[in-house]
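Now for the letters of each chain:
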Amino acid sequence: MGALIAALLVVPLAAAGVALLARPAAATAATIGAGVVSLGLALALAGAVRHGDTVSLAGAWLRLDALGAVFLLATGLLYAAAAVFSTGYLAQDRARRDYAPFARRYFVYLNLFAWTMLLVPVVDDYGSLWIAVELTTVVSVLLVALDRTDAALEAAWKYILLASVGLGLALLAVVLLYAAGTARLGDSYVPRYGTLVAAAPQLPHVPVQIAFLLAVIGFGTKVGFAPLHTWLPDAHSEAPSPVSAMLSGALLGTAFYAILRFFQPTAAAVGSEFPQRALLVFGTISLALAALFVLRQQSFKRLLAYSSIEHMGVIAIGIGFGVPLAVAGALLHVLNHAAAKGLAFFGAGSILRRYDTKEIDDVHGAATVLPWSGPMFLAAALALSGLPVSGVFRSEFQIVSGGFSRPAYIWVALLVVLVNVAFLGVVWHAGRMVLSPAAPQTPRGETSAWMVAAMAGCLLVVIGIGLHLPSGLADLLAHASILVSGAAR
Amino acid sequence: MPNLSDWTVQALQLGSIVVFAPLVTGVIARIEAIVQMRRGPRLLQPYYDIAKLFRKETVLPDGAGPVFRAAPYVAFACYLTVPLLIPVLVAFPPQLAYMGDILGGGFLLALASYSVSLAAIDSGSPYTQLGSSRVRSFGAFAEPTILFVVFVVALTTQTDLPFAMVRTLEGSTVEVLRPSHLLVLAAFFMVVLAETGRVPLENHGSTLEFGMIEEARTLEHSGPGFALLKWGSSLKQLILFVILANVFAVPWGLAHDSRLDHVAAAIGLLLAKALGIGLVIVAIESSFAKLRLYKIPDFTVGSFLLAVLGVISFVFESEFGTGDLTVFDAVSSVAAVSVLLVAFALLRSQDVWEQLRLYALSSVLVAALAFAAAGTAHGAGLYALGAVTVAFKALAVPLFVGLVIRTLEVRVRVPSSIGFPSAVLVGIALASFSFLALARLPLQSTSALPLSALAVSVGVVLVSFLLMIVRPFAPSQLIGFLMLENGVSLASLVLAPSLPMILALLLLFDVVVGVLVFVLLVQYLGVHRTSVATEALQELRG
């Protein structure tokens, strides 16, 4: 099975190589191929580890377990969807004089970005984890700056500044955790996840606690935890829409995965109460802030960006509840959020291409102007808000009922109220855009079938998870949640 | 050799200060003149001046009251009392030394200054009032500085007697190398410069009223009163020199008993030490320009910073056992604290090139620490790390960033959104927080460097973060990020010197990649805007 990991890490690089050397058409084809193959490989790997086994490669420097597989699936899904969507999205740029170099940069960076995000869940030690997360920043900054407008450059600048500071703190967390480990494991060892979790009960408490807090703040900067979230709305709204979808759906989750890897030894060392409390606090603050900001947004891409912060808050709270039901719900939420947010940003991309604006007030009647994308954008908004039938409803329901069984009534009450505030904001804004009467001079019709196809794929996943949770996925989530909460016992 | 009585010793302590103070002033003025290629006054000129003034009549300004007339006598009396309390010639406290502790001495000096200021206001002349208001406002940071210096003395000796400090330092020479001790020494030296009216605060002996601070207060005095003030100010200078030399810097050579020859030798040494300090001051006066009046708080707040860092690093140092301080520990702690001071210097610097040089300096310090750690225990890997640090962080990165800045032709002056004094106060709070948070970290000390460097490195990280916040200017933010990275490197040197070598090299590689991306962005920004200021980011705030 190790060969699958190798393939997963080779395919995007190969596509990036093709994009660098060949003409744009070949680059497009290679990217779609790489995206679809990666999704297939991710599914196969997830199937292999769903009963709690691990797949390893390269002298166990690379290893995938059930927890990593969840995040691998989210990345694979968005990689494939974004590759398909990009085909249609870039087609409109073909008239540009600098189309060829622009498309080359776009596809090279896109494939590299996907590669770095696929790397994060398969590495097996804290040093490599940090390096992989840092690599995602480096590549995604270039993607955010791709349009080279003033706003895009400044968003990229803000992003790399805050993300670098955050990763500096995260590095400190890695070093501190390593130093804590020397008490048990000797002066020189490889800080693998398993090694540290096994040694955790004998580790000194205070350094582990400080390391965890540094990791939550440091990687949390990339997750978008308030108050270090300020780069996120800018970066997500200035990046090209398919990139926004990957940033929001996959990258935030990937950074959260890094926090979970610190959660494991911390819970084993000092008991689960401390890390859970920390995540509850950060999650609730982010959720509250995002819910309020969602209400007063004027740009629909920023609206979606704040909605991402909100959902990261929900995931943090779900992990913070700690009971297996809620943890599994939070991990499922990662997948749901990836699919639904991908769908929403794709829809936003379609609207942006047709109306040539990011302002909510300038978009009227998307349902009639874009007969497919418009309704699907509204569906994405409803799904993100956790309406039944969507997968988000299932995962949020699991989190809430997990919170009740813990019991943590106050946190649950906060969660439910704030999620509903965000619901109000997202649905109200999206409804205005889609359902209002269209201005007669706006040209009608979809711009590209590729874009509709990508959106339909994401919608299918969201609804599919909502209607019926496949038994294989349920197994995977159960084993992943044991890895998180079981380590806490 | 005969033993002197306690009272004789006491009288000699006081007498040597009173007699030799004008001589020290004269010698400094003469040497300074020679260095500046002038002929200069006679060595004994201050004595002639004082003698001349005593023979003159007193002219009182209109409306000047008893406060004005009493001030010179009050001040002089204060200056005559302080030498009784401090170790001028002997290392043991004579009887009257128990009259007051080091804080009492400080109060007497402050009382003298206060009475002169009151007299300046009483005279009603605008220039003297200008001087006294300046002294009061710039003194706002000098006084807390002295307090913190006193705290360190008190913490070190568990008493508040300056004589006890002498004993502690004589007991183990390595104590002088403690970071806390060096920091308060530097802080106190800066206070001495301020209190004696030296460059970079004030041109000693200038006749230009608008630049005056200390000197302006005595403009209205005349006759014997003025003579006492002049004599008093040279007394104050010598007293401060004595405290600096005998309590902090070089407390050796004091007489340990009251034998005549020992005390006589101590008098000679006293003059030599005062001359040494005078030479340092001459060097400073001849190589620096006077600060603009508005920049003087930068100087005083700098001394305050040093004193506070001295106290907090002392509080933390005592955590790892005061008894067995080794020279290696002391020197490496000092190097670590220097990295923190460089971070503060970055906060003050307003010039991109200077910031780049400061960053390179901090990289050199980090590399030196890596070499030091390699030398003690952990072998070849750390040598490689140190070498790579020098190559990349001290040479390649600064040169490359400098090249980019030159090509872009951006402006070199970097504005700060808040002033240096406020930034330093915030920075002190951050550094204290890191000391507090990491002071009692129960780690197995496998590290080659002292654990205090960990708190210092976290302080570097936080101060660099502050730098990035207060400088909305892309190259400065980049330097802030690099400095932050240095802090993290320092922390990993302390915590995990045996971190697998490959990992350490990858981290360095990562820095380089990060810098490349930064530089790329700066270039984009440079193409699109004439300035690289990130003020426009404000508009994006959601």
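Our subject in this report is the structure included herewith. (Residues numbered from 1 in each chain as written. Chains lettered and ligands numbered in written order. Predicted model: local features only at pLDDT ≥ 70, side-chain atom pairs only at ≥ 80, totals over all residues. Heavy atoms only, no water.)

## A closer look at the overall build of chain A
Operational definition: Strands here mean DSSP runs of E at least two residues long; helices mean DSSP runs of H or I at least four residues long; both are numbered from the N terminus. Only the C-alpha atoms count toward the radius of gyration. The rule for a globule is 2.2 Å times the residue count to the power 0.38. Think of it in three bands: residues with accessible area under 20% of the maximum for their type are buried, residues over 50% are exposed, and the middle band is partly exposed, with areas taken using a 1.4 Å probe on protein chains only. We call two residues contacting when some pair of their heavy atoms lies within 4.5 Å. In this description, accessible areas are obtained by the Shrake-Rupley approach with a 1.4 Å probe, and a residue is regarded as covered only by the protein chains that are shown.
The helix and strand tally for chain A stands at 19 helices and 2 strands. Relative to its length of 489 residues, chain A is compact, with a C-alpha radius of gyration of 21 Å against a globular reference of 23 Å. Classification of the 489 residues of chain A by burial places 66% in the buried group. Across chain A, contacts joining residues at least 24 apart in sequence account for 81% of those joining residues at least 6 apart. When the accessible surface of chain A is totalled, it reaches about 14600 Å², and 68% of it is carbon and sulfur.

## Topic: helix H7 (residues 179–195) of chain B
Residues and elements named next belong to chain B. As a reminder of what qualifies: Helix span is expected to be 1.5 Å times the residue number reduced by one.
Taking 1.5 Å of rise per residue, the 17 residues of H7 would be expected to cover 24 Å, and the 24 Å separating its terminal C-alpha atoms lies within 8% of that figure. The element H7 is largely enclosed, with a buried count of 14 among its 17 residues. Backbone geometry just downstream of H7 places Gly197 in the positive-phi region, at approximately 65°.

## Some points on the environment of A:Leu119
All names here are of chain A. Within the secondary structure, Leu119 sits in helix H4 (residues 99–122). Sequence separation between Leu119 and Ile131 is 12 residues; the distance between their C-alpha atoms is 9.9 Å. The residues contacting Leu119, other than those within four sequence positions of it, are Leu9 and Ala132.

## Side note on the packing of aromatic side chains
Residue and element names in this part refer to chain A. Where we set the bar: Each aromatic pair joins two rings of Phe, Tyr and Trp (for Trp, the six-membered one) with centres within 6.5 Å, and gets the label stacked for planes under 30 degrees apart, edge-to-face for over 60, and tilted for any other angle.
Under the defined criterion, the tally for this structure stands at 22 aromatic pairs over all chains. Relative to Phe107, the ring of Tyr106 lies with its centre 5.2 Å away and its plane at 85°, an arrangement referred to as edge-to-face. Judged by its relative accessible area of 0%, Tyr106 falls in the buried class. With a relative accessible area of 1%, Phe107 lands in the buried category.

## Topic: helix H6 (residues 150–185) of chain A
Residues and elements named next belong to chain A. Its 36 residues place the ends of H6 50 Å apart at the C-alpha level, agreeing with the 52 Å of an ideal helix rising 1.5 Å per residue. The element H6 is extensively covered by neighbouring structure, given that 31 of its 36 residues are classed as buried. Following H6 by one or two positions, Gly186 has its phi on the positive side, about 85°.

## Quick word on unusual backbone geometry
All names here are of chain A. Here the bond from Ala226 into Pro227 is cis, since omega is 5°, no more than 30 degrees from zero. Position of Pro227 among the secondary structure elements: in the loop between helix H8 (205–223) and helix H9 (231–238). Following Arg406, the chain continues to Pro407 via a peptide bond in cis, the omega torsion being -10°. Relative to the assigned elements, Pro407 resides in the loop between helix H16 (391–405) and helix H17 (409–435).

## Some remarks on a positive patch on the surface
Residue and element names in this part refer to chain B. The condition is simple: Surface patches are drawn from residues lacking salt bridges whose relative accessible area is over 30%; two like charges belong together within 9 Å, two nonpolar side chains (Val, Leu, Ile, Met, Phe, Trp, Tyr) within 5 Å. Criterion for a salt bridge: a side-chain nitrogen of Lys or Arg within 4 Å of a carboxyl oxygen of Asp or Glu. Only four residue types enter the charge count, namely Lys and Arg as positive and Asp and Glu as negative; His and the chain termini do not. Taken as the charge location is NZ of Lys, CZ of Arg, CG of Asp or CD of Glu.
On the surface, Lys52, Arg55, Lys56 and Lys230 cluster together into a patch of positive charge. Its location among the elements puts Lys56 in the loop between helix H2 (45–55) and helix H3 (66–85). Under the relative-accessibility criterion, Lys56 is labelled partly exposed at 48%.

## Considerations on the environment of A:Val122
Residues and elements named next belong to chain A. Following the sequence through the fold, Val122 ends up in helix H4. Put simply, Val122 and Leu467 are 345 residues apart on the chain and 30 Å apart in space, counted from C-alpha to C-alpha. Residues in contact with Val122, not counting those within four places in the same chain, are Ile5, Leu9, Trp61, Leu62, Arg63, Leu64 and Leu72.

## Notes on a nonpolar patch on the surface
Residues and elements named next belong to chain B. The grouping of Val67, Val74, Leu111, Tyr114, Leu118 and Ile121 at the surface amounts to a nonpolar patch, some 490 Å² of accessible area in total. At the level of elements, H3 and helix H4 (102–123) are the ones that each hand at least two residues to the nonpolar patch. Assignment of secondary structure puts Val74 in helix H3. The exposure class assigned to Val74 is partly exposed, which follows from its relative accessible area of 33%.

## A few points about the packing of H7(B) against helix H8 (residues 223–249) of chain B
All names here are of chain B. Quick note on the threshold: Axis definition: a line fitted to C-alpha atoms, over the contacting stretch in the case of helices. Angles run 0 to 180 degrees between N-to-C directions. Note on angle classes: values under 35 degrees are labelled roughly parallel, values over 145 roughly antiparallel, values of 65 to 115 roughly perpendicular, and the remainder oblique. Note on residue categories: nonpolar means Ala, Val, Leu, Ile, Met, Phe, Trp, Tyr, Cys or Pro, charged means Asp, Glu, Lys or Arg, and polar means any other residue, Gly included.
Closest axis-to-axis distance for the H7/H8 pair is 10 Å, and the angle between their directions is 175°. Taken together, the axes of H7 and H8 are roughly antiparallel relative to one another. Two secondary-structure elements touch here, H7 through His181, Val184, Leu185, Phe188, Phe189, Val192 and Glu195 and H8 through Lys236, Leu240, Phe241, Ile243, Leu244, Phe248 and Ala249. Grouping the constituent residues of the contact of H7 with H8 by class yields 11 nonpolar, 1 polar and 2 charged.

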